[in-house]
Amino acid sequence: MSLHISKEHDTELARTAYAAVANVPTVEENDRNRLGYHVWLYLRGEVGSLEEAVHLARSRFRPRGFPQEEVVTIISKALQSVPQPQS
């Protein structure tokens with residue numbers, strides 16, 4: 001797949017991704033934005049798993065030792081509560 005080709009529901013997927021990371025405790029806004037972008041890539045099918053998306057984002061979390069597994073859990077729960085676009 002290519003990021004240069006728009007897919008159906010891209011805008012809705014982006015809203016879903018950024019809403020899912022809204023409550024993740026990051027050091028600064030850019031860390032959260034980068035995380036949201038990678039979750040969007042996951043929702044589009046560009047990244048194989050949510051764990052991989054969190055890892056690739058390389059975001060900094062607060063407190064410093066906040067485990068990535070907990071971030072994945074927060075995002076997973078948020079994604080379950082947000083209605084997904086219908087295909």
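Everything below is about the structure printed above this text.
Let us look at the structure shown here. (Residues numbered from 1 in each chain as written. Predicted model: local features only at pLDDT ≥ 70, side-chain atom pairs only at ≥ 80, totals over all residues. Heavy atoms only, no water.)

### Some thoughts on the environment of Thr-73
Along the chain, Thr-73 turns up in helix α4 (residues 68–81). Along the sequence, Thr-73 and Glu-51 sit 22 residues apart, while their C-alpha atoms lie 9.5 Å from each other. (Helix = DSSP H or I, 4+ residues; strand = E, 2+ residues; numbered from the N terminus.)

### A look at the nonpolar core
Counting 20 residues, the largest nonpolar core has Val-24, Leu-35, Val-54, Val-71 and Ile-75 as its most contacted members. Secondary-structure elements contributing two or more residues to this core are α1 (10–20), α2 (29–44), α3 (50–57) and α4. Ranked by residues supplied to this core, first place goes to α4 with 5 residues. In contact with Val-54, other than residues within four places in its own chain, are Leu-35, Phe-61, Gln-68, Val-71, Val-72 and Ile-75. (Core = buried A, V, L, I, M, F, W, Y, C linked by side-chain atoms within 4.5 Å. Buried < 20%, exposed > 50% of the residue type's maximum accessible area, 1.4 Å probe, protein only. Contact = heavy atoms within 4.5 Å.)

### Section: the pattern of salt bridges
Scanning all chains against the criterion turns up 6 salt bridges. Across the pair Glu-29 and Arg-32 runs a salt bridge, and its minimum N-O distance is 3.4 Å. With Glu-29 and Arg-32 both in helix α2 and 3 residues apart, this pair spans about one turn of that helix. Assessed through its relative accessible area of 48%, Glu-29 is described here as partly exposed. Here Asp-31 and Arg-60 are joined by a salt bridge, their closest N and O atoms 3.1 Å apart. One end of the pair, Asp-31, is in helix α2; the other, Arg-60, is in the loop between α3 and α4, with 29 residues separating them in the sequence. (Salt bridge = Lys/Arg side-chain N within 4 Å of Asp/Glu carboxyl O.)

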